[in-house]
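What follows is each chain in one-letter form.
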Amino acid sequence: QHYPLASRILLLFKTFQRWRDIDSIISDFQTHFDRIYREARGTDFKTLSFQEHLALYQKYDEELLRRWHAPIINDYLCMVFFGLLKKLTEKWLGSEAGSLQNDLLCGQGDLESTEPTKMLMRIAAWIDGGPENAGLRSWWLARTSGEITRELLGASSPHPEASRRLREFLDRYGFRCINELKLEAADLHDDPSFVIEAISAYVRRKSYSIEEMEVRERAIREKAESEVRSRLSGLRLRVYFWVLGEARRAVRNRENLRFDRTKIFGVVRHLFRAMGHRLHLMGQLDHEGDVFYLTTDELLAWGEGRSTTLNLAPIARARKREFEEFEATPPPPDRFITVGAATYSSRFAQILMDSDLLRSEVPASTDPNVLMGTPCCPGVVEGVVRVVKQASDAQGLDGEILVTERTDPGWVPLYPSCSGLLIERGSLLSHSAVVARELGLPTIVGVSGGLVKKLKTGMRVRVDAGRGEIRILT
């Protein structure tokens, strides 16, 4: 579709304005967000009435969700500069540049999304820090995550300083969890055993040196910058590094703003759970968690007296059964076209797979023992894989290569405990890719060929993350 010249000029002008003002746009958004977030964090939702719950949700919807302009503008700029950097890399440095663009984005620094993991690493380093903590170290490693949680977060802790550090982490990052954008998921406030396991793994493997991690990141980044300088000069070199700087800034802003999204999802998760608690007490739901099988419109209508039903429990039960059926259905391809009711087409997985619009763009291998994906962070590693489909599958992770279908920010504490990362779905701008580059972890995303079906826990592979190649050895 071709747009009139005047429209294209206007778009370019608005893009320039937003690029020029992006720092102030984000600063104003952050100030507004922090004020509302502090108020929300200081509210005990379970003490409020159902009507007060609805009023708070409408307030957050109006004052935050409908003013989510800064992240959207920055995401647009991020795609513009990331795409421009990719084009310049391919045009000026050639296709043989490989993962050069990703290497240039390593060691970004100032990413709030990596700070939870770094804070856990600092706690692990303190536990393993010397003779004065020898008793704590042996106490910690001799107990299960459940036992540690009960004793450290109980009324009387045997190790007050460890309790203080853990509580501080949960206060700052307790809303972060696996599947954190699913409101029904339990977060770290509900069950901190995931981070306890992560700390234990760091202590056992002594994989808590942030300095070593940062040295590795800088080495990758500096090597990539040296390669660019050796192949470009003059105006091209200046233009390339300007675009690179803007791409780095946009990616950094994107990750930091995504953490605000995590925070508000965490607040709303607890707000809806409080609604479910009230509805359960009123006999409207079988369990308080069933509230997540209702729509916000249904909750608002029920609270305002305009609902088409007086009994919400049967609706939640029916949705539960349908969701169980959905979970048993194979996932569709990333891009496909359906005509009519898409939900009906989802029952025929093979038809959807045959309509994969990105099939021709997926890197393929003719060798049955080789899988190909998109290089994300370079490095060659050979070892045993651990296929993780849910958090419990990662317990005791000890240097294996982590294999999974998809990840989200809640998975990041696992990264220092593995030697490589293979993800079936995802792109170079996905959170997993950004954080893996920041941590210097050899990573391949968007792996074709049925990664989680073909690989089983205990199999041995050789990963060349710079080439995007996974070779099955045994």
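Please read these numbers as outputs of a predicted model, since none were measured by experiment.

Participant: Tell me about the pattern of salt bridges, residues and numbers included.
Facilitator: In total, this model carries 37 salt bridges according to the counting rule given. For Asp75, the salt bridge goes to Arg254, with nearest N and O atoms at 3.3 Å. Of this pair, Asp75 sits in helix α3 (residues 69-93) while Arg254 is found in helix α11 (residues 234-281), placing the two residues 179 residues apart along the sequence. Of the residues examined, Arg254 reaches a relative accessible area of 14% and is grouped as buried. Across the pair Asp128 and Lys206 runs a salt bridge whose closest N-O atoms are separated by 2.6 Å. Of this pair, Asp128 sits in the loop between α5 (115-127) and α6 (134-141) while Lys206 sits in the loop between α9 (193-205) and α10 (210-231), and the two are 78 residues apart along the sequence. The class of Asp128 is buried, set by a relative accessible area of 13%.

Participant: So what's going on with the packing of aromatic side chains? Residues and values would help.
Facilitator: Counted according to the given criterion, the structure contains 16 aromatic pairs. Between Phe81 and Trp242 the ring centres are 5.7 Å apart and the planes differ by 75°, which places this aromatic pair in the edge-to-face class. Taken together, the residues Phe81 in helix α3 and Trp242 in helix α11 connect sequence positions 161 residues apart. Its relative accessible area of 8% is what places Phe81 among the buried residues. Between Phe323 and Phe326, the aromatic rings sit 5.6 Å apart at their centres with planes inclined by 35°, giving tilted as the arrangement. Within this pair, Phe323 and its partner Phe326 are both found in helix α13 (residues 313-327), separated by three residues, close to a single helical turn. The exposure class of Phe326 is exposed, given its relative accessible area of 56%. Put simply, the rings of Phe29, Phe33, Tyr37, Trp68 and Phe175 touch in pairs and so form one group of aromatic residues. Of note, Arg165 hangs over the ring of Trp126, and the distance from its end group to the ring centre comes to 4.2 Å.

Participant: Give a description of the pairing of strand β3 (residues 380-387) that names residues and reports values.
Facilitator: One ladder, built from five bridges, connects β3 with strand β7 (residues 460-464); its direction is antiparallel. Looking at β7, one finds that Gly383 is bridged to Val461. Both β3 and strand β4 (residues 401-404) contribute to a ladder of three bridges, which runs parallel. Residue pairing for β4: Val385 is matched across the bridge by Ile401.

Participant: Got a sec to walk through empty space enclosed by the protein? Specific residues and values, please.
Facilitator: The tally for this structure, following the rule as stated, stands at three cavities of 30 Å³ or more. Counted as a void, the largest cavity has a volume near 50 Å³. Taken together, Trp19, Ile22, Asn74, Leu77, Phe81, Glu246, Arg249, Ala250 and Asn253 form the lining of the largest cavity. Among the secondary structure elements, those contributing two or more residues to the lining of the largest cavity are α1 (5-41), α3 and α11. Among the elements that take part in the lining of the largest cavity, α11 stands out by supplying four residues, more than any other.

Participant: Quick one: what's the story with the layout of surface pockets, residue by residue and with numbers?
Facilitator: Approximately 350 Å³ is the volume found for the second largest pocket. The wall of the second largest pocket is formed by 20 residues, among which Ser207, Met213, Arg216, Pro416 and Leu439 lie closest to the centre. The biggest single contributor to the lining of the second largest pocket is α10, with four residues. Along the lines of polarity and charge, the residues of the lining of the second largest pocket split into 11 nonpolar, five polar and four charged.

Participant: I'd like to hear about the sheet that holds β7, residue by residue, with values.
Facilitator: Taken in spatial order, the eight strands line up as β1-β8-β7-β3-β4-β5-β6-β2 in an open sheet, and their pairing is mixed. Where the open sheet ends on each side, the last strands, each with one partner, are β1 (370-372) and β2 (374-377). For this sheet, the mean inter-axis angle between neighbouring strands, taken without regard to orientation, is 30°. Helix α16 (residues 431-439) rests against β2, β5 (420-423) and β6 (443-445) of the sheet, and its axis sits at about 45° to β2.

Thresholds, definitions, all that
Residues numbered from 1 in each chain as written. Predicted model: local features only at pLDDT ≥ 70, side-chain atom pairs only at ≥ 80, totals over all residues. Heavy atoms only, no water. Salt bridge = Lys/Arg side-chain N within 4 Å of Asp/Glu carboxyl O. Helix = DSSP H or I, 4+ residues; strand = E, 2+ residues; numbered from the N terminus. Buried < 20%, exposed > 50% of the residue type's maximum accessible area, 1.4 Å probe, protein only. Phe/Tyr/Trp six-rings, centres within 6.5 Å; stacked < 30°, edge-to-face > 60°. Lys NZ or Arg CZ within 6 Å of the ring centre and 35° of its normal. Pairing = 2+ DSSP bridges. 1 Å grid on protein atoms, 1.4 Å probe; cavity = no way out; pocket = protein on both sides within 12 Å on 5 of 7 lines; lining within 4 Å. Points joined across faces, edges and corners; volume = space filled by probe spheres on them. Nonpolar A, V, L, I, M, F, W, Y, C, P; charged D, E, K, R; others polar. Axes fitted to C-alpha atoms, helices over the stretch in contact; angles between N-to-C directions. Contact = heavy atoms within 4.5 Å.

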